[in-house]
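Residue-level structural notes
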Amino acid sequence: MRRVFSWIAWPGLLALCIAGYAYGTALGHPILAYNITYFGMAGVLLVLERLMPYETVWSRSDGQMRQDLSHTALNKGIGQFLASVAAVLGASQVAPAAAGGVWPAHWPLAAQVVLGLVVAEFGLYWAHRLCHEIPWLWPYHAVHHSVTRLWVVNTGRFHFVDSLLSSGFALALGMLVGAPKDVIVWVLVITTYIGFLTHCNVDMDCRGLNWLFNTPDLHRWHHSRIPAEGNTNYGENLLLWDVIFRTRYLPLDRRPPVDIGTADAVPLTFLGQLAYPFRRPLSPGQVVSPVLEAPAEAGGD
Ligand SMILES: [Zn+2]
């Protein structure tokens, strides 16, 4: 039974949340539907982390829950503020016209959302990869990598500059190609669902999905302390660009490391973490060539 549940958990929870959001949107209550599915998924994953954890040692407190929630709240607040500003300025109305009709607005909405995910992922991939490869950007992203366990609560633990960079890259691309507002919103919503699934400490069998989506299997390697292992699997939702740019990494002969984190001395306090990138002297840190020294063959599921 647990085996079956482990297999259906990832696609099932994602499908349930997407269906719930679509239903609520059709009824004219998208915000309510989003909040129910967002907190519903978080709640279900918190329970599953207790019932069927992937790493039992990650069930223990790391003393960072308050900091994780503070970063999440700050990022959500900034995101909503920017969305409000964009709505007031009517940016979403201007963008399609500016793109000169490039966007296939006649496609069914679901197909447009898939296209939106692919386009946005290009921005998310490169924002993430550049944070790993450019020394002065790494300290912002190191806040996310400083966690010593993965669980649903630290999904949103990003320095706000890191969040602005990745969402800015993705949104700029979406607006450049003229993606309509509805499609952009759908991409943002799906990104939050997949983010939870990627970080949760639930024993999920994601075979078959690991070539298409960013899954916990792949993301646990991304949090490795070893740079050659961690500088891989940059995809946020989809794995397409990791496959194309050859940064996908999933050795079949080993489990990902339990002892995750970074060599960077990221402070333990929330304010210290916010200030860290501005105070930290430049040094290579995690920055090494991506994948190039990966110790094992990447491939398989
Ligand atoms: Zn990263």
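Conventions adopted
- Residues numbered from 1 in each chain as written.
- Predicted model: local features only at pLDDT ≥ 70, side-chain atom pairs only at ≥ 80, totals over all residues.
- Helix = DSSP H or I, 4+ residues; strand = E, 2+ residues; numbered from the N terminus.
- Buried ≥ 20, exposed ≤ 12 C-beta atoms within 10 Å, placed from the backbone.
- Contact = placed C-beta atoms within 7 Å.
- Expected span 1.5 Å × (residues − 1).
- Bend = angle between axes of the 7 residues up to and from the residue.
- pLDDT = per-residue confidence, 0-100.
- Core = buried A, V, L, I, M, F, W, Y, C linked by C-beta atoms within 7 Å.
- Axes fitted to C-alpha atoms, helices over the stretch in contact; angles between N-to-C directions.
- Parallel < 35°, antiparallel > 145°, perpendicular 65-115°, else oblique.
- Left-handed = near helix turned anticlockwise from the far one by under 90°.
- Nonpolar A, V, L, I, M, F, W, Y, C, P; charged D, E, K, R; others polar.

Another aspect to go through is the overall build of the protein chain. A tally of helices and strands in the protein chain yields 12 helices and zero strands. Written out in order from the N terminus, the α and β elements of the protein chain read α-α-α-α-α-α-α-α-α-α-α-α. Going through the 301 residues of the protein chain one by one, you find that 38% of them count as buried. Across the protein chain, every contact between residues at least 6 apart in sequence was considered, and the portion connecting residues at least 24 apart equals 75%.

Here helix α1 (residues 2-26) contains 25 residues, and its C-alpha end-to-end distance of 34 Å stays within 8% of the 36 Å for a straight helix at 1.5 Å per residue. Of all bends in α1, the biggest is about 50°, found at A9, and the proline P11 comes one to four residues later. Among the residues of α1, A9, W10, L13, C17 and Y21 are the ones counted as buried.

The next point concerns the confidence of the model for the protein chain. Confidence along the protein chain averages 88 in pLDDT terms, with 87% of residues attaining 70 or more. When mean pLDDT is compared element by element in the protein chain, helix α11 (residues 240-244) scores highest at 97, while helix α4 (residues 91-98) scores lowest at 49. Low pLDDT (under 50) marks residues 94-98, which in the prediction has seven contacts with non-local residues, meaning those over four places away or in another chain. Low pLDDT, under 50, characterises residues 287-301; the predicted model gives this stretch 37 contacts beyond four residues in sequence or across chains.

Attention now moves to helix α8 (residues 181-199). For α8, spanning 19 residues, the distance from its first C-alpha to its last is 27 Å, which sits close to the expected 27 Å at 1.5 Å a residue. Buried within α8 are the following residues: V183, I184, W186, V187, V189, I190, Y193, I194, F196, L197, T198 and H199.

Quick look at the nonpolar core now. V187 and Y193 are the most contacted members of the largest nonpolar core, which totals 59 residues. Counting residues per element, the ones that place at least two in this core are α1, α2 (30-51), α5 (109-133), α6 (138-145), α7 (160-176), α8 and α9 (216-222). Residue contributions to this core peak at 10 residues, all from α8. Setting aside chain neighbours within four positions, we find V187 in contact with V113, G116, L117, A120 and G174.

It is worth spelling out the packing of α6 against helix α12 (residues 270-279) at this point. A pair of packed helices can be characterised by two numbers: the angle between their axes and the separation between those axes. The contact between α6 and α12 brings their axes to 8 Å, and the two run at 150°. By the angle between their directions, the pair α6 and α12 is classed as roughly antiparallel. Relative to α12, the crossing made by α6 is right-handed. For the pair formed by α6 and α12, the contact residues are P139, Y140 and V143 on the first element and Q273, Y276 and P277 on the second. Here the residues of the contact of α6 with α12 are counted per class, giving five nonpolar, one polar and no charged.

Following both chains from N to C, one finds α5 and α8 inclined at 65°, their axes separated by 9 Å at the closest point. α5 and α8 meet at a crossing whose hand is right-handed. Between α5, through L109, Q112, V113, G116, L117 and A120, and α8, the contact on the second element is made entirely by D182, V183, I184, W186, V187 and I190. When grouped by side-chain class, the residues that make up the contact of α5 with α8 number nine nonpolar, two polar and one charged.

Our focus in this paragraph is unusual backbone geometry. Positive phi is not limited to glycine here, since N233 has a value of about 50°. Among the secondary structure elements, N233 is positioned in the loop between α10 (227-230) and α11. Of the residues examined, N233 has 27 C-beta atoms within 10 Å and is grouped as buried. Despite not being glycine, R246 shows a phi value in the positive range, around 60°. Tracing the sequence through the fold places R246 in the loop between α11 and α12.

Positionally, L197 belongs in helix α8. Each C-alpha atom of the pair L197 and L14 lies 8.1 Å from the other, and the pair is 183 residues apart in sequence. Those residues in contact with L197 that sit more than four places away from it in its chain are W10, L13, L14 and P216.

Structurally, the position occupied by L109 is in helix α5. Assessed through the 14 C-beta atoms surrounding it within 10 Å, L109 is described here as partly exposed. Residues L109 and W186, spaced 77 residues apart in sequence, show a C-alpha to C-alpha distance of 9.6 Å.

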